[in-house]
Amino acid sequence: MKAFFRLTRIQSKLIILLILAMLSFAATFIYVLNASIGTLKQEKSKEILAAGSIMMTQIEQRLINHTDRLASIGKRQVIIDTLHGLHNDPDVAQDAIENHSDFSVLNQRLQREIRIIEQAIAGIQIFQNIILTDRQGHIVAAAEHRLGKSAKLNDWWLPTVENSRLITESEDGSGISLSVRINDAQGSFIGIIQAILPTHWLTRDLAATFQLRPSSEVRLTNAKGRLIYSSRPYRYLEDAESETYFQLFLNGDSQMLVEEGGKKKLYVLSDNFHTAQLNDLQWLLFIADDLDLILKDIYRLMRQMLYVFLIFSIGFAILAIVVNRTILRPILELRKKVAEVADGDFDQKLELRNKDEIGDLAAAFNRMAERLKTTYKKLEYEANTDDLTGVANRRHFFKLAERQWNNYQRYKRPLSMLMLDIDHFKRINDKYGHETGDTVLREAAQLIQRNCRSTDIFGRIGGEEFALLMVETDRDASRQFAVRVCKQLADTELMVIQDKKINITISIGVAHAKPQEDSLDAFISRADDALYLAKKRGRNQVREFIEA
């Protein structure tokens, strides 16, 4: 037998194997079909669960975004100054508490400012019943007549003081309560801003999120069985505890089959254990898909397999040729692709036509090509990038600069070079240590890079010195950029050690390419001379190279 298979051509081997497969096909067909149905349901459950996790995360992000908008209102200077005034002058605060008319004037002013700020941040009015309290819990601004009263007894006040932020369902069922602790510039607690995200905004956000799965039905409830959202018509906080699908939560299951409207549906429960901001809400997401739609691929496969069996029985010789081609052709294609990858073309991919060993081989080849491509890109990135600051390293900067210099020699378009050097960097290392110095380099590089355009070439060429080549940039534009970066860096406090911040300055030398200039080195040298002049004239300034 072994000798027979050694001498037999591969086409003949395939015919023999095909006959053997036909004999075993009928016996295994039903078993495989049943096993596939169970596996498909499990896989579909995992897919639905993964989609639910994504949707819960997006719901959390939308609520966080609204909370950030509310926090932005609380950070405005007029709010902070008002709260500071009440805190720093207790007599005025006490008079305001005892005399509601004083509070009313303050409330009107704050409410007006809050609405102006909200319109500026969100563009439209989002929040309802915005409440502002001082650090003692007294309500100093509110849409309703609660001025001067204490908010400490409210469920949201103390948790917000302790946790900085709180997202809960509102007590009256009007929406979601968002609370944010307000700190001053020194980090001291000075008050709380709280508002209600109304149900129509919540419903709009949820509807936008659940559009990820338009073919599925979704039910979002709280742990008490009250509907927060449903893809079918519903009322906010409608009772859903008696619904069959809610038994998933009560029984501690993750999936179940439910018959609704004469159809069987697969329900999967996705809770919010992975979304920290939603833990207090205790929301549960139920996603349902029609079981017939889930199994339609299996039914189609069953019919196809029956047709294939009949075709095999009638014309296995013709089918043997087809099978032969489906094996030999992928092998030849694989050989071709391997040769192309060996020549450095890592974008080559094989189509995964089969689910047999050839398909596994094709999938393994695709993974190999992708890993080689990733490794190559990683090596290329590491070779071209300064590992401390994440910008171009010296070699890569000069390589790109040389390319732009050649373009300049051809087209004579404006080209500017900036040499940037952090002032007194040695003092920073000596005073705070090299680790802090590294952090300063990273922060400064990132700040400069954020100001650069995508066409600019920015790199670290040594120590605390950076270079920036600005393409299609004339003298005025390059100088304005340099002055802006110099001022912005001087005005920025860099967080380098936990809560410790320091200020640094930078000196910048600017040079502009000249048509008669014969080399990139001369161009860079003129920018270096301008940088030297900026250092010499007192640092923290911008100097241009000017011919003597």
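Look a little higher up for the structure.
Residues numbered from 1 in each chain as written. Predicted model: local features only at pLDDT ≥ 70, side-chain atom pairs only at ≥ 80, totals over all residues. Heavy atoms only, no water.

Peer 1: How should the overall build of the protein be read in this particular structure?
Peer 2: Looking only at helices and strands, the protein has 16 helices and 17 strands in total. Put simply, the protein has 548 residues, and 42% of those count as buried. Intrachain contacts of the protein at a sequence separation of at least 6 include 60% that bridge at least 24 residues. Total accessible area on the protein stands at roughly 30700 Å², and carbon and sulfur atoms take up 52% of it. (Helix = DSSP H or I, 4+ residues; strand = E, 2+ residues; numbered from the N terminus. Buried < 20%, exposed > 50% of the residue type's maximum accessible area, 1.4 Å probe, protein only. Contact = heavy atoms within 4.5 Å. Areas by Shrake-Rupley, 256 points an atom, 1.4 Å probe, with all protein chains shown as cover.)

Peer 1: Which parts of the structure should I look at to understand the pattern of salt bridges?
Peer 2: When their charged atoms lie close together, side chains carrying opposite charge are able to pair. Overall, the coordinates contain 12 salt bridges when judged by the stated rule. The closest approach of N and O atoms between Arg526 and Glu517, which form a salt bridge, is 2.7 Å. For Glu517, a relative accessible area of 7% puts it in the buried group. Residues joined in a network through salt bridges with shared partners are Asp421, Asp423 and Lys535. (Salt bridge = Lys/Arg side-chain N within 4 Å of Asp/Glu carboxyl O.)

Peer 1: Explanation requested: the pairing of strand E13 (residues 465–471) in the structure shown.
Peer 2: For a regular strand, side chains alternate in direction, first toward one face of the sheet and then toward the other. Counted residue by residue, E13 has 7 buried out of 7 residues, so it is predominantly covered. A two-sided burial pattern is seen for E13, the buried positions comprising Glu465, Ala467, Leu469 and Val471 on one face and Phe466, Leu468 and Met470 on the other. The pairing of strand E11 (residues 415–422) with E13 spans 7 bridges and is classified as antiparallel. Across the sheet, the residue bridging to Leu415 is Val471, located in E13. Linking two consecutive strands that pair antiparallel, namely strand E12 (residues 457–462) and E13, is a turn of 2 residues; a positive phi of about 50 degrees is found at Gly463 within it. (Pairing = 2+ DSSP bridges.)

Peer 1: How should the side chain of His66 be read in this particular structure?
Peer 2: Summarising the element assignment, His66 is placed in helix H2 (residues 10–74). Within the local environment of His66, its side chain forms a polar contact with the side chain of Arg69, the two groups lying 3.0 Å apart. Apart from residues no more than four positions distant in its own chain, His66 is found in contact with Ile126, Phe127, Leu178, Leu197 and Asp205. (Polar contact = N/O pair within 3.5 Å; in protein donor to acceptor, adjacent residues only side chain to side chain.)

Peer 1: Got a minute to help me understand the nonpolar core in this structure?
Peer 2: Soluble globular proteins tend to pack their nonpolar side chains together in the buried interior. Among the nonpolar cores identified, the biggest contains 42 residues, and Phe210, Leu220 and Trp283 are the most heavily contacted of them. Here this core takes 8 residues from H2, the largest share from any one element. Once residues within four sequence positions are removed from consideration, Leu220 is found in contact with Met56, Ile59, Leu206, Phe210, Arg226, Leu227, Ile228, Tyr229, Trp283, Leu284 and Leu285. Phe458, Phe481, Leu489 and Ile504 belong to the second largest nonpolar core, which has 30 residues in total. (Core = buried A, V, L, I, M, F, W, Y, C linked by side-chain atoms within 4.5 Å.)

Peer 1: What exactly am I supposed to notice about the packing of helix H13 (residues 425–432) against helix H14 (residues 434–451) here?
Peer 2: If you want to describe how two helices pack, look at the angle between their axes and the distance between the axes. Contact geometry of H13 with H14 gives a least axis separation of 7 Å together with a crossing angle of 135 degrees. Here H13 is positioned oblique relative to H14, judged by the angle of their axes. In contact with Phe425, Ile428, Asn429 and Tyr432 of H13, H14 contributes His434, Thr436, Gly437, Val440 and Leu441. Taken together, the residues of the contact of H13 with H14 sort by class into 5 nonpolar, 4 polar and no charged. (Axes fitted to C-alpha atoms, helices over the stretch in contact; angles between N-to-C directions. Parallel < 35°, antiparallel > 145°, perpendicular 65-115°, else oblique. Nonpolar A, V, L, I, M, F, W, Y, C, P; charged D, E, K, R; others polar.)

Peer 1: Can you help me understand the packing of aromatic side chains in this one?
Peer 2: Pairs of aromatic rings are described using the distance from one ring centre to the other and the angle between the two planes. Across all of its chains, the model carries 6 aromatic pairs by this definition. Ring geometry for Trp405 and Tyr408: centres 5.4 Å apart, planes at 35 degrees, overall tilted. Within this pair, Trp405 and its partner Tyr408 are both found in helix H12 (residues 394–411), separated by 3 residues, close to a single helical turn. Taken as a pair, Trp405 and Tyr408 share a single burial class, namely buried. By the ring-pair criterion, three or more aromatic residues cluster together here, those being Trp405, Tyr408 and Phe523. Between the NZ or CZ atom of Lys412 and the centre of the ring of Tyr408, over which it lies, the distance is 5.4 Å. (Phe/Tyr/Trp six-rings, centres within 6.5 Å; stacked < 30°, edge-to-face > 60°. Lys NZ or Arg CZ within 6 Å of the ring centre and 35° of its normal.)

Peer 1: Whenever I open this one, a nonpolar patch on the surface confuses me. Can you help?
Peer 2: A contiguous nonpolar surface patch, about 430 Å² in accessible area, is contributed by Leu306, Tyr307, Leu310 and Ile311. Tracing the sequence through the fold places Leu306 in helix H10 (residues 296–342). (Patch = residues over 30% accessible without salt bridge, like charges linked within 9 Å, V, L, I, M, F, W, Y side chains within 5 Å.)

Peer 1: Help me understand unusual backbone geometry, please; the structure alone is not making it clear to me.
Peer 2: Glycine aside, the phi torsion of most residues is negative, and most peptide linkages are trans. At Glu472, a position not held by glycine, the phi torsion is positive, near 55 degrees. Considering the arrangement of structural elements, one finds Glu472 in the loop between E13 and helix H15 (475–491).

Peer 1: Help me understand the layout of surface pockets in this model?
Peer 2: To find leftover empty space, one rolls a probe the size of a water molecule over the atoms. Size it by volume and the second largest pocket reaches roughly 420 Å³. As for the second largest pocket, its lining consists of 20 residues, and the residues nearest its centre are Trp156, Ser170, Glu171, Gln194 and Ile196. Among the elements of the structure, strand E1 (128–134), strand E3 (165–169) and strand E5 (189–198) are those that each provide at least two residues to the lining of the second largest pocket. Broken down by element, the residue count for the lining of the second largest pocket peaks at 3 residues, all from E3. For the lining of the second largest pocket, the residue count by class is 6 nonpolar, 8 polar and 6 charged. (1 Å grid on protein atoms, 1.4 Å probe; cavity = no way out; pocket = protein on both sides within 12 Å on 5 of 7 lines; lining within 4 Å. Points joined across faces, edges and corners; volume = space filled by probe spheres on them.)

Peer 1: It is not clear to me how the sheet that holds E12 should be interpreted in this structure. Could you clarify?
Peer 2: Hydrogen bonding along the main chain pairs the strands of a sheet, whether they run parallel or antiparallel. One open sheet holds the 5 strands; their spatial order is E12-E13-E11-E16-E17, and the pairing between them is mixed. The strands lining the two open edges of the sheet, one partner per strand, are E12 and strand E17 (542–544). Mean inter-strand twist for the sheet, computed between neighbouring axes without regard to direction, equals 20 degrees. The sheet contact formed by strand E16 (residues 506–512) and E17 spans 3 bridges and is parallel. Bridge pairing links Val510 to Glu544 in E17.

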